[in-house]
Amino acid sequence: MVPEATEVTSARTILEASRALGPQIRAAAEQIETERRLPLELVSAMQGAGVFRMPIPRTWGGPEADPLTQIEVIEALSAADGSAGWCAMIGSDGGYFSAFLDDAVGRELYYDLDAVTASSLRPSGRAVAVAGGYRVTGRWAFASACQHSTWFVPLCVVFDGDAPKPTADGVPETRACFVRTDACEIVDTWTTTGLRGSGSHDVAVADAFVPAERTFDLFTSPPRRPGALYALRTMFMVNAPGVPLGIARGAIETVVALAARKVGTYTGTGLREEAGVQQAVARADALVSGARGLVFDTVGDLWATLRAGDAPSPQQRARYRLCMAASCASCVEAVDLMYQVAGGTALYAPHPLDRALRDIHTLGQHVGFSPKAFETAGRMLLGLEPAARSLF
């Protein structure tokens, strides 16, 4: 067994390298916004930092980074630019998705441990069962990081002939399929208010053959790789809260720096001397710190349970789901406060606060951070089963 110290050192090295990328990410802000994707040189730098290999298993030579450090990495990148953090979060999912495959098959797909993975977990296409696998056809929205990905993993409804194939409980069977991105068509659709640099375009696939061993059922396939990091099927979502936490913390840091030099138009007083600004910064800091505490307490408790080899309780699973939406809601409020106190300075598109406002509100529209999560978590906290086909 690899000693715990080795795991932490490797993961912390990625964190330190990610923090060091801050100046390069900020310098690329205009290019990220204009091109609506991450520049390839920035993607290469993130690969060099080890960002996309975070969940790759140690048996493959990866760091198998613990969830809390993964959140810190995404948080650090998102503080510099929300799109960079989002693409890192999505692009590193290959280490999780491959845990549902035979180990030799997964290792063959990820011979490059720094390969980027794009995905769309909306069942927008069909996988027709054929000898040896599936013929995949469809078009999927919100495929973040697709332009610099090696693999695209779409969720498909399985068809047996012309009809969806039902599962034992009567709902259509689905399969997530590994398709090489260079065999897909990227359809330019990502013209948005925020997270412009995530490049979350539509991806179309036309009758691509995918071997059965390169597919899995997101809802029912058991993880086939040992280890606590892969024991829960929804672990690919564990580092997602790092994005709103990073965006909000970056907004607070921007206002603190601005307040040190800006003088009120009519008062002639330094911005940081104004009571309203002081209150807003304090409130925002409390909101983000509280959200971060919720995330780290929840994920830390979950991680301890998984490392002990135990199954999470319904309450732990509910709070895991809840911490994502609750932390995002607090971060939205914090960014709104920072945008307001900055006044006219924040109005212009190149300003970091303008981008933070747009990014955090776009993020809040994502189903993972949706208020619907409160209903899902509430049901489970009240002793009810989650809704049908829930990943939680």
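Look up: the structure comes first, before these words.
None of the values given here were measured: they were computed from a predicted structure.

Within the secondary structure, Ala 84 is located in helix α6 (residues 82-91). Residue classification places Ala 84 among the buried residues on the basis of a relative accessible area of 0%. On a C-alpha basis, the gap between Ala 84 and Ala 29 in space is 9.8 Å, while along the polypeptide they are 55 residues apart. When sequence neighbours within four positions are dropped, the list of residues in contact with Ala 84 reads Ile 25, Leu 38, Met 46 and Leu 77.

Covered by surrounding structure in strand β5 (residues 174-177) are Thr 174 and Ala 176 together with Arg 175 and Cys 177, the residues of both alternating faces. In this sheet, β5 lies alongside strand β3 (residues 151-160) in antiparallel orientation, the contact comprising three bridges. From the neighbouring strand, Cys 156 faces β5, where its bridge partner is Arg 175. In terms of strand pairing, β5 meets strand β9 (residues 215-216) through two bridges, oriented antiparallel. Among the inter-strand pairings, Ala 176 is bridged to a residue of β9, identified as Phe 216.

This part covers the packing of aromatic side chains. Per the counting criterion, the structure on display carries nine aromatic pairs. Aromatic pair Phe 178 and Phe 216: ring centres 6.3 Å apart, planes at 50°, arrangement tilted. Taken together, the positions of Phe 178 in the loop between β5 and β6 (179-180) and Phe 216 in strand β9 put the pair 38 residues apart, joining distant regions of the chain. Each member of the pair, Phe 178 as well as Phe 216, carries the same accessibility label: buried. Each member of the aromatic cluster is reached from another via a ring pair, and the members are Phe 97, Phe 100, Tyr 110, Trp 151, Phe 178, Phe 216 and Phe 236. The ring of Phe 159 is capped by Arg 126, whose NZ or CZ atom sits 3.8 Å from the centre of that ring.

Across a regular strand the side chains alternate sides, sitting on one face of the sheet and then on the other. Bridge count for strand β1 (residues 117-130) against strand β2 (residues 133-143) is six bridges, and the pairing is antiparallel. Across the sheet, the residue bridging to Val 128 is Arg 135, located in β2. Two successive antiparallel strands, β1 and β2, enclose a turn made up of two residues, where Gly 132 displays a positive phi of approximately 85°. Pairing analysis gives eight bridges linking β2 to strand β8 (residues 201-211), with the strands arranged antiparallel. Each residue of the ladder has a partner; that of Gly 138, found in β8, is Val 205.

Parameters at a glance
- Residues numbered from 1 in each chain as written.
- Predicted model: local features only at pLDDT ≥ 70, side-chain atom pairs only at ≥ 80, totals over all residues.
- Heavy atoms only, no water.
- Helix = DSSP H or I, 4+ residues; strand = E, 2+ residues; numbered from the N terminus.
- Buried < 20%, exposed > 50% of the residue type's maximum accessible area, 1.4 Å probe, protein only.
- Contact = heavy atoms within 4.5 Å.
- Pairing = 2+ DSSP bridges.
- Phe/Tyr/Trp six-rings, centres within 6.5 Å; stacked < 30°, edge-to-face > 60°.
- Lys NZ or Arg CZ within 6 Å of the ring centre and 35° of its normal.

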